[in-house]
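Remarks on the overall topology
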There are 2 protein chains.
Amino acid sequence: MLTYVLDASLQQPLYEQLSEAVKSDILAGHLKSGDKLPSKISLADHLGVSKITVENAYAQLLAEGYIYSRERSGYYVEDIQVAGFSASLDANPAFSGASAGVFIPEIPSEASEENRSASSAAAELFPFSVWSRLMRGVILDSGPDILAPGPGQGLRQLREAIAKDLFKRRGMSVDPGQIFIGAGSEYFYNMLVQFFGRTRKYALENPGHRKIGFVYEANDAEIVPLKLDQGGVIPGELEKSGAEIAHITPFNHFPTGAVMPIGRRQQIMSWLVAGENRYIIEDDYDSEFRFSGRPIPSMQSMDTSGRIIYINTFSRTIAPAIRISYMILPAGLVEPWRTKMGFYNCTVPSFEQLTLTKFIEGGYFERHINRLKKHYSGLLESLKSVVLRPEFAEYCKIINAGSGLNFILEFKDIPADSNLRSLLNLYLPQASLIEDYCIAPDARYDNCAVVDYTGLSPEKFGEGLALLVTTIYAK
Amino acid sequence: MLTYVLDASLQQPLYEQLSEAVKSDILAGHLKSGDKLPSKISLADHLGVSKITVENAYAQLLAEGYIYSRERSGYYVEDIQVAGFSASLDANPAFSGASAGVFIPEIPSEASEENRSASSAAAELFPFSVWSRLMRGVILDSGPDILAPGPGQGLRQLREAIAKDLFKRRGMSVDPGQIFIGAGSEYFYNMLVQFFGRTRKYALENPGHRKIGFVYEANDAEIVPLKLDQGGVIPGELEKSGAEIAHITPFNHFPTGAVMPIGRRQQIMSWLVAGENRYIIEDDYDSEFRFSGRPIPSMQSMDTSGRIIYINTFSRTIAPAIRISYMILPAGLVEPWRTKMGFYNCTVPSFEQLTLTKFIEGGYFERHINRLKKHYSGLLESLKSVVLRPEFAEYCKIINAGSGLNFILEFKDIPADSNLRSLLNLYLPQASLIEDYCIAPDARYDNCAVVDYTGLSPEKFGEGLALLVTTIYAK
């Protein structure tokens with residue numbers, strides 16, 4: 001049986017030590033595809049740890065796609081090396097949350113109703129007193145310097161703080177020199193098209209973040225939609241697309257929160273290195289909102305090719321109105337970027353950058369994220385329990401893989417004559433039709449709605465759902 | 001003789017009442033091209049006002065190009081209707097500051113050395129205590145709202161404040177609905193290319209703001225350089241260029257501070273309305289820094305065609321690090337813009353917008369501009385007097401028309417073997433070669449340097465100049 005030395009005196013939780021140990025055995029090939037893992041109880045006994053510890057470790061491995069489970073059988077090592085991966089993936093209940101075949105990226109529009117509610121929810125949790133104190137501090141400490149023009153790349157202090165935070169929270173090791181600060185992710189989409197050029201083909205997830213497509217189209221860049229399955233982008237589709245640059249969200253696919261499993265990531269990596277001018281833009285939007293286990297590693301942190309550009313934003317973790325995003329370039333692209341794009345000034349005020357720096361360095365950012373995660377995961381649970389009520393359970397179900405600030409509300413065969421869109425507008429304004437987020441329509445989504453639950457109370461949800469269900473089915 | 005009723009009890013200064021009266025008589029045709037105006041003394045007697053009043057009025061009319069003066073002869077009405085305007089312009093000493101034929105737009109790079117000094121100079125004058133108090137006020141008053149996503153166009157309050165300020169300071173009447181807030185002018189250059197499309201020809205002043213060209217080039221838009229003369233863009237050149245969109249700076253042409261005279265503006269307007277899809281992007285950068293008389297009206301405020309887009313920035317008047325610019329669209333373009341570009345979020349944090357709103361509404365902005373103008377005009381004068389010293393006067397002269405934060409330092413026939421660039425780097429780092437600001441090189445500029453004087457003390461200037469002159473000529 002698997003034997004590892006777990007050290008309770010270490011800062012790293014036991015379940016993490018265990019999952020890391022199993023992970024490295026899988027990657028080293030000591031555990032082979034299809035190998036059955038010991039049952040939780042027996043492994044717990046064997047290692048002298050609690051069953052919870054093993055459960056958490058397996059859950060983490062499951063979520064990252066290293067193992068899969070079979071009903072009433074147990075846990076097996078995933079086939080993460082060969083291309084036949086997706087075959088075994090189909091039988092992989094780790095993605096059963098997605099097995100309805102519904103994957104709808106969102107419009108991350110801070111101007112949308114959903115986001116207003118999101119921001120108000122976040123606002124209640126946001127430590128204003130701290131933020132305002134930090135701002136006053138910046139004004140007093142920096143004096144005239146906050147008026148001095150900062151480097152176009154963003155202030156060094158902030159880039160260092162972000163690098164430290166990414167290392168601590170995501171295990172990413174990034175040099176501050178690779179980090180660029182900008183006013184929102186859309187800004188970087190624009191810059192990236194200018195940098196890579198609009199004569200290249202850009203592959204986007206379909207359904208995908210609509211706004212990403214809007215920006216590429218506004219730049220007259222050719223975009224190719226990519227078909228998805230439960231594991232996210234299908235490597236074969238990417239190959240077929242003939243695209244050189246893939247703009248993808250391997251983490252937390254909206255709205256299922258599905259995570260691209262490790263095997264699939266490796267296949268995408270193989271596509272990446274197979275062509276000379278291929279690049280991946282990893283959009284890590286909402287990656288902070290994973291409600292169980294530790295964060296999934298980013299593809300950027302797995303990258304050895306130097307061809308992955310990483311983008312993330314503070315507009316969801318702090319506030320939409322903050323308008324600070326950052327981009328991490330592979331070390332090899334930093335100089336070319338400076339040469340071609342260096343004339344651009346930084347679009348974020350130094351003052352905001354300095355305040356955010358203090359917010360991160362002071363540990364307030366991490367605490368705020370944890371507050372948000374606690375708030376949203378609790379809210380998500382209570383909303384799930386609403387749908388499980390007998391009066392709703394037979395008509396609809398919630399699909400969410402435990403991350404992100406949205407879930408899918410799937411209705412059972414809606415009568416053809418009912419106008420779901422207008423009913424949602426009427427009774428559940430936080431919900432929208434999935435077709436609104438599709439580049440190309442897809443019949444699979446006809447009975448589904450996307451719900452941004454960030455501003456939704458269980459009471460309001462119950463009332464709205466009652467009206468919806470009666471109107472749709474009680475005919 | 002000209003007879004006007006001037007009312008000292010009005011808020012409007014007498015010289016303004018007088019210049020306005022003469023202006024309307026010229027536009028109405030009551031005063032014809034070539035008409036001689038009465039001498040200052042006789043008109044002062046006739047109207048019962050001081051000679052200073054008439055002098056200021058004539059100076060204003062001169063600067064705006066309504067009249068011109070002939071040495072030892074007097075003042076004459078400019079020919080502002082016919083195309084032959086530039087002929088009479090050549091004889092127009094109102095532009096003698098530019099008669100060396102040197103017109104070099106700048107790179108408005110907030111990251112440049114020049115701007116660092118500019119910002120430090122501005123920083124000393126900036127009312128920190130007020131700004132920080134306003135920020136604290138915003139935090140307390142707005143609470144969670146500063147985290148709420150604002151409209152993509154920018155906060156209504158700020159757009160109203162800007163509209164009021166423009167009306168008060170520039171006599172521009174603009175609806176807040178026409179104003180868009182963005183993170184720097186470069187941002188709007190990018191957006192404008194996306195809006196108008198990159199298949200059109202964009203005409204840029206040559207020499208011109210290099211960064212404008214960089215942005216258009218980065219967007220793969222075709223740019224056409226426009227030849228300039230003392231009055232700015234030559235209408236014939238614009239016609240020849242075949243461009244549909246002209247990106248120009250009719251006010252305060254860098255670094256001469258030359259102003260496009262009214263007659264020339266009307267010719268540009270005729271070009272504008274002669275073609276269906278023609279537009280002008282009026283870049284009003286540094287228009288606040290006019291040191292005498294009242295501000296020159298913008299072309300936008302003269303526009304009846306609905307085809308002029310106006311851009312200005314707070315990065316020079318408040319601070320480079322503030323990163324707030326605004327664009328004014330013709331009313332007719334607002335809806336098309338919202339339709340095509342409406343998905344973009346505002347790139348400026350709400351917090352900065354709210355603070356700036358209070359800063360403008362409280363009258364602090366206008367006061368700060370006046371402080372800056374006083375500071376820079378005084379500095380410019382003392383620097384001019386340095387160059388007038390006998391040891392310098394025979395070798396070089398300053399060319400500046402009394403606006404802007406730069407002047408041209410023209411040297412008299414520099415020996416061929418002297419390397420002006422390295423000498424400037426060595427002895428006068430605030431100066432740069434004019435060829436650095438030219439899209440295409442021009443021999444006229446070989447003996448000229450551009451000096452950003454914002455951070456330059458008369459002492460430092462004197463020392464640097466002494467070393468320069470000795471090294472260049474004492475051979």
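Since we're looking at a predicted model, the values are computed, not measured.

Per the secondary structure count, chain A includes 18 helices and 15 strands. In chain A, which comprises 475 residues, the share counted as buried stands at 62%. The long-range share in chain A, meaning contacts at least 24 apart out of those at least 6 apart in sequence, stands at 73%. As displayed, chain A offers around 17500 Å² of accessible surface, 53% of which is attributable to carbon and sulfur atoms.

We now examine the interface of chain B and chain A. Between chain B and chain A, the residue contacts involve 49 residues of the former and 50 residues of the latter. Summing the contributions of chain B and of chain A, the shared interface buries around 4100 Å²; its carbon and sulfur component is 66%. For chain B, the biggest contributors to the area lost against chain A are Leu147(B), Pro149(B) and Asn345(B); these three give 18% of the whole. The interface formed by chain B and chain A includes two salt bridges. In this structure, Asp220(B) and Arg198(A) form a salt bridge, with 2.8 Å as the shortest nitrogen-oxygen distance. Linking chain B with chain A are 14 residue pairs in polar contact (both at pLDDT 80 or more). Counting only elements with at least two residues in the side of chain B that touches chain A, the list comes to helix 5 (113-125), helix 6 (128-142), helix 8 (185-196), helix 9 (210-218) and helix 14 (350-361) of chain B. If one sorts the elements of the side of chain B that touches chain A by residue count, helix 6 of chain B sits on top with six residues. Looking at the side of chain B that touches chain A, its residues break down into 30 nonpolar, ten polar and nine charged.

The subject of this paragraph is the environment of Leu192(B). Mapping Leu192(B) onto the fold places it in helix 8. The sequence separation of Leu192(B) and Met341(B) amounts to 149 residues, and the corresponding C-alpha distance is 9.6 Å.

The next point concerns unusual backbone geometry. The step from Asn206(B) to Pro207(B) runs through a cis peptide bond, and the omega angle for that step is -5°. Looking at where Pro207(B) falls in the secondary structure, it is placed in the loop between strand 4 (201-205) and helix 9. Its identity as a non-glycine residue notwithstanding, Asp286(A) has a phi of 65°, on the positive side. By the element assignment, Asp286(A) lies in the loop between strand 9 (279-283) and helix 12 (299-302). Look at Asp286(A) and you get buried, because its relative accessible area is 1%. Of note, the phi angle at Asp220(B) is positive, near 60°, even though the residue is not glycine. Note that Asp220(B) resides in the loop between helix 9 and strand 5 (222-226). A relative accessible area of 45% places Asp220(B) in the partly exposed class.

Glancing now at the relation of the copies chain B and chain A. Between chain B and chain A, which share one sequence, the superposing operator has a rotation angle of 180° and an axial displacement of 0.1 Å; the RMSD is 0.1 Å. Given the turn and translation reported, the copies of this chain are related as if by a two-fold rotation axis. Of the interface residues in chain B, 100% have counterparts in chain A that sit at the interface too, so the contact is made through matching surfaces.

Residue and element names in this part refer to chain A. Of the residues in chain A, 89% reach a pLDDT of 70 or more, and the chain-wide mean stands at 84. Across residues 82-119 the pLDDT falls below 50, and counting only partners more than four positions away or on other chains, this stretch makes 116 contacts in the model. At the level of chain-chain contacts, confidence expressed as ipTM amounts to 0.75, with global pTM at 0.78.

Quick look at the packing of helix 8 (residues 185-196) of chain A against helix 13 (residues 331-341) of chain A now. Residues and elements named next belong to chain A. Close contact between helix 8 and helix 13 brings their axes to 10 Å; oriented N to C, the two are set at 95°. The angle between the axes of helix 8 and helix 13 places the two elements in the roughly perpendicular class. From helix 8, Met191, Leu192, Gln194, Phe195 and Phe196 reach across to helix 13, where they touch Leu333, Pro336, Trp337, Lys340 and Met341. Among the residues making up the contact of helix 8 with helix 13, the classes are represented as eight nonpolar, one polar and one charged.

Let's shift gears to helix 14 of chain B. Spanning twelve residues, helix 14 of chain B covers 16 Å between terminal C-alpha atoms, matching the ideal 16 Å at 1.5 Å per step. Burial runs high along helix 14 of chain B: ten of the twelve residues are buried. Among the residues of helix 14 of chain B, those classed as buried are Ser350(B), Phe351(B), Glu352(B), Gln353(B), Leu354(B), Thr355(B), Leu356(B), Thr357(B), Phe359(B) and Ile360(B). Elements in contact with the buried residues of helix 14 of chain B: helix 6 (128-142) and helix 14 (350-361) of chain A together with helix 6, helix 7 (156-170), strand 3 (179-182) and helix 15 (364-387) of chain B. Of the residues flanking the end of helix 14 of chain B, it is Gly363(B), one or two places downstream, whose phi is positive at about 80°.

Backbone hydrogen bonds hold the strands of a sheet together, and the pairing may be parallel or antiparallel. Residue and element names in this part refer to chain A. Strands sit in the order 3-11-10-9-8-4-5 across an open sheet of seven strands; the sheet is mixed. The sheet is open, and its two edges are formed by strand 3 (179-182) and strand 5 (222-226), each paired on a single side. The sheet shows a mean angle of 20° between the axes of neighbouring strands, direction not considered. Note that strand 3 and strand 11 (residues 325-328) share four bridges and pair antiparallel. What sits directly across from glycine 182, in strand 11, is serine 325.

Membership of the largest hydrophobic core comes to 78 residues, with the highest contact counts inside it found for Ile318(A) and Ile318(B). One finds Ala218(A), Phe195(B), Ile309(B) and Trp337(B) within the second-largest nonpolar core, a separate group that totals 58 residues.

Taken together, the four bridges between strand 1 (residues 67-70) of chain B and strand 2 (residues 74-77) of chain B define a ladder with antiparallel strand orientation. Bridging from a neighbouring strand, Ser69(B) pairs with Tyr75(B) of strand 2 of chain B.

Turning to the environment of Ala416(A), a few remarks are in order. Residue and element names in this part refer to chain A. Structurally, alanine 416 can be placed in the loop between strand 13 (406-411) and helix 17 (420-427). Taking the relative accessible area as the measure of exposure, alanine 416 reaches 86% and is therefore exposed. Separated by 56 residues in the primary sequence, alanine 416 and isoleucine 472 have C-alpha atoms spaced 9.9 Å apart.

With that settled, consider the packing of aromatic side chains. All names here are of chain A. In this structure the tally under the stated criterion is 47 aromatic pairs over all chains. Judged by centre distance (5.1 Å) and plane angle (75°), the rings of tryptophan 131 and phenylalanine 359 are edge-to-face. A residue pair is termed long-range when its members are at least 10 positions apart, and tryptophan 131 in helix 6 and phenylalanine 359 in helix 14 qualify at 228 residues. Each member of the pair, tryptophan 131 as well as phenylalanine 359, carries the same accessibility label: buried. Each member of the aromatic cluster is reached from another via a ring pair, and the members are Phe126, Phe128, Trp131, Phe359 and Tyr364. Just above the ring of tyrosine 76 sits the side chain of arginine 70; from NZ or CZ to the centre is 5.8 Å. Between arginine 170 and the ring centre of phenylalanine 251, over which it is positioned, the NZ or CZ distance is 5.6 Å.

Pairs of packed helices are described in terms of their axes, by the angle between the two and the distance that separates them. At a minimum axis distance of 10 Å, the contact between helix 6 of chain A and helix 6 of chain B shows a crossing angle of 175°. In terms of orientation, helix 6 of chain A lies roughly antiparallel with respect to helix 6 of chain B. The segment helix 6 of chain A lies against helix 6 of chain B, with Trp131(A), Ser132(A), Met135(A), Arg136(A) and Ile139(A) engaging Trp131(B), Ser132(B), Met135(B), Arg136(B) and Ile139(B). Here the residues of the contact of helix 6 of chain A with helix 6 of chain B sort into six nonpolar, two polar and two charged.

Here Gly342(B) is to be found in the loop between helix 13 (331-341) and helix 14. Overall, Gly342(B) belongs to the partly exposed group, its relative accessible area being 48%.

So, on to helix 7 (residues 156-170) of chain A. In an α-helix, one turn spans 3.6 residues, which is why side chains three or four residues apart end up on the same side. Residues and elements named next belong to chain A. Spanning 15 residues, helix 7 covers 20 Å between terminal C-alpha atoms, matching the ideal 21 Å at 1.5 Å per step. Restricting attention to buried positions, one finds in helix 7 the residues Leu158, Arg159, Ala161, Ile162, Ala163, Asp165, Leu166, Arg169 and Arg170. Elements in contact with the buried residues of helix 7: strand 3, strand 10 (308-313), strand 11, helix 14 and helix 15 (364-387). One or two steps after helix 7, the chain reaches glycine 171, where phi turns positive at roughly 65°.

Let us look at the pairing of strand 13 of chain A. Residue and element names in this part refer to chain A. Counting buried positions over the six residues of strand 13 gives six, a clear majority of the element. Of the two faces of strand 13, both are covered, the one formed by Asn406, Ile408 and Glu410 as well as the one formed by Phe407, Leu409 and Phe411. When strand 12 (residues 396-399) meets strand 13, the two strands line up antiparallel, connected through four bridges. Bridged to isoleucine 399 within strand 13 is isoleucine 408. Pairing between strand 13 and strand 15 (residues 448-452): five bridges, direction antiparallel. Across the sheet, residue glutamate 410 finds its bridge partner in strand 15, namely cysteine 448.

What counts and how
Residues numbered from 1 in each chain as written. Chains lettered and ligands numbered in written order. Predicted model: local features only at pLDDT ≥ 70, side-chain atom pairs only at ≥ 80, totals over all residues. Heavy atoms only, no water. Helix = DSSP H or I, 4+ residues; strand = E, 2+ residues; numbered from the N terminus. Buried < 20%, exposed > 50% of the residue type's maximum accessible area, 1.4 Å probe, protein only. Contact = heavy atoms within 4.5 Å. Areas by Shrake-Rupley, 256 points an atom, 1.4 Å probe, with all protein chains shown as cover. Buried area = accessible area lost by both parts, 1.4 Å probe. Salt bridge = Lys/Arg side-chain N within 4 Å of Asp/Glu carboxyl O. Polar contact = N/O pair within 3.5 Å; in protein donor to acceptor, adjacent residues only side chain to side chain. Nonpolar A, V, L, I, M, F, W, Y, C, P; charged D, E, K, R; others polar. Least-squares fit on C-alpha atoms with pLDDT ≥ 70 in both. pLDDT = per-residue confidence, 0-100. Axes fitted to C-alpha atoms, helices over the stretch in contact; angles between N-to-C directions. Parallel < 35°, antiparallel > 145°, perpendicular 65-115°, else oblique. Expected span 1.5 Å × (residues − 1). Pairing = 2+ DSSP bridges. Core = buried A, V, L, I, M, F, W, Y, C linked by side-chain atoms within 4.5 Å. Phe/Tyr/Trp six-rings, centres within 6.5 Å; stacked < 30°, edge-to-face > 60°. Lys NZ or Arg CZ within 6 Å of the ring centre and 35° of its normal.

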